[in-house]
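# Residue-level structure breakdown
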Amino acid sequence: MSSIIAGINIPDSALARATTEYIRDVESDLLFHHSRRVFLFGALSGERKQLAYDPELLYVGAMFHDLGLVEGHRSDDERFEVDSANAAKAFLKPYGLSDDNIEQVWLSIALHTTPGVPQHLRPNVALVTAGVEMDVLGIDYAAFSTVQREAVVHAHPRGEGFKECILCAFANGFKHKPDSTFGTVNADVLVDSEPGFKPMNFVEIIRKSPWVV
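A quick note: this is a predicted structure, and the numbers were derived from the prediction, not measured. (Residues numbered from 1 in each chain as written. Predicted model: local features only at pLDDT ≥ 70, side-chain atom pairs only at ≥ 80, totals over all residues. Heavy atoms only, no water.)

## Let's talk about a nonpolar patch on the surface
- Nonpolar side chains collect at one region of the surface, where Phe182, Met200, Phe202, Val203, Ile205 and Ile206 lie side by side and expose about 540 Å² of accessible area between them.
- Following the sequence through the fold, isoleucine 205 ends up in helix H10 (residues 202-207).
- Accessibility expressed as a relative area gives 40% for isoleucine 205, which makes it partly exposed. (Patch = residues over 30% accessible without salt bridge, like charges linked within 9 Å, V, L, I, M, F, W, Y side chains within 5 Å. Areas by Shrake-Rupley, 256 points an atom, 1.4 Å probe, with all protein chains shown as cover. Salt bridge = Lys/Arg side-chain N within 4 Å of Asp/Glu carboxyl O. Helix = DSSP H or I, 4+ residues; strand = E, 2+ residues; numbered from the N terminus. Buried < 20%, exposed > 50% of the residue type's maximum accessible area, 1.4 Å probe, protein only.)

## As for the UniProt feature "domain: HD" (unreviewed entry) in the protein
- Those places that UniProt annotates as "domain: HD" (unreviewed entry) correspond, in this numbering, to residues 32-117.
- Counted over residues 32-117, helix gives 60% and strand 0%. Its end C-alpha atoms are 25 Å apart. (UniProt positions renumbered as here; feature names shortened; annotations may be inferred.)

## A short note on the packing of aromatic side chains
- Inspection of every chain in the model, using the stated rule, returns seven aromatic pairs.
- Arranged with centres 5.2 Å apart and planes meeting at 85°, the rings of phenylalanine 39 and tyrosine 59 form a pair that is edge-to-face. Here phenylalanine 39, found in helix H2 (residues 29-48), pairs with tyrosine 59, found in helix H3 (residues 55-64); they are 20 residues apart in sequence, far enough to count as distant.
- By relative accessible area, which is 1% here, phenylalanine 39 ends up buried.
- Centroid distance phenylalanine 64 to phenylalanine 91: 5.1 Å. Interplanar angle 50°. Geometry classified as tilted. In this pair, phenylalanine 64 sits in helix H3 while phenylalanine 91 sits in helix H4 (residues 80-92), placing the two residues 27 residues apart along the sequence.
- Ring pairing ties together the aromatic residues Tyr22, Phe64, Phe91 and Tyr95, which thus form one cluster.
- Over the ring of phenylalanine 162 we find arginine 37; its NZ or CZ atom is 4.9 Å from the centre of that ring. (Phe/Tyr/Trp six-rings, centres within 6.5 Å; stacked < 30°, edge-to-face > 60°. Lys NZ or Arg CZ within 6 Å of the ring centre and 35° of its normal.)

## Here we look at the pattern of salt bridges
- Taken as a whole and judged by the stated rule, the model has nine salt bridges.
- Two residues, lysine 177 and aspartate 83, come together in a salt bridge whose shortest N-O distance is 2.7 Å. Taken together, the positions of lysine 177 in the loop between helix H8 (162-174) and helix H9 (186-193) and aspartate 83 in helix H4 put the pair 94 residues apart, joining distant regions of the chain. In terms of burial, lysine 177 and aspartate 83 fall into one category: buried.
- Aspartate 100 serves as the salt-bridge partner of arginine 122, at 2.7 Å between the closest nitrogen and oxygen. One end of the pair, arginine 122, is in the loop between helix H5 (99-110) and helix H6 (123-137); the other, aspartate 100, is in helix H5, with 22 residues separating them in the sequence.
- The class of arginine 122 is partly exposed, set by a relative accessible area of 40%.
- For aspartate 100, a relative accessible area of 33% puts it in the partly exposed group.

## Examining the environment of serine 98
- Tracing the backbone through its elements, the reader meets serine 98 in the loop between H4 and H5.
- With 64 residues separating them in the primary sequence, serine 98 and phenylalanine 162 have C-alpha atoms 36 Å apart.
- Reaching out from serine 98, the side chain makes a polar contact with the backbone nitrogen of asparagine 101 at a distance of 3.1 Å. (Polar contact = N/O pair within 3.5 Å; in protein donor to acceptor, adjacent residues only side chain to side chain.)

## Section: the environment of proline 178
- Its location among the elements puts proline 178 in the loop between H8 and H9.
- Classification of proline 178 by relative accessible area gives partly exposed; the value is 28%.
- Between the C-alpha atom of proline 178 and that of threonine 20, which follows or precedes it by 158 residues, the distance is 30 Å.
- Dropping the residues within four chain positions of it, proline 178 is found in contact with Leu190 and Phe197. (Contact = heavy atoms within 4.5 Å.)

Here it is as structure tokens:
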């Protein structure tokens, strides 16, 4: 694959190469190419906003952000984002990164489905969410040039029916632990895909709590 896509250099450190190899082996084409696009759109967003981000940390966060959806990497009860973040943390430990850098990667993954928060945190955290929001939701679509969008998708195709396929990947990744979707956008996925699913309701939880008043 080209080391420069849409003007963005793909990190080529030992850690980045190991990350690519690991994720390529365990994720489907759908999730692998999505994760690479997340890095590229996140990096392009960082360049446009003139943010001082670390490309290597952004790359690891982007590549690991959906690993918790994959069989063999998903827990029975944690949010899939937390499973993904924990996997990245374990993967990073042998590479001698600082606790601060590992925490940035962890947060970038764990918070990527929590709208309204990541953009107020450090660039390495904010830009993973920015990349996800562009690739999945089309947020800030017009802020990327046609040349940039086409270059990214040429290198890492969305394929036919990406929208429905990614929704299916989400649902399959956490339908076995529906309570883990409480308070996140993931509950919407199960409402759409699982007949009879009723998400927990924050108001009902308060009213039914053991407190008398």
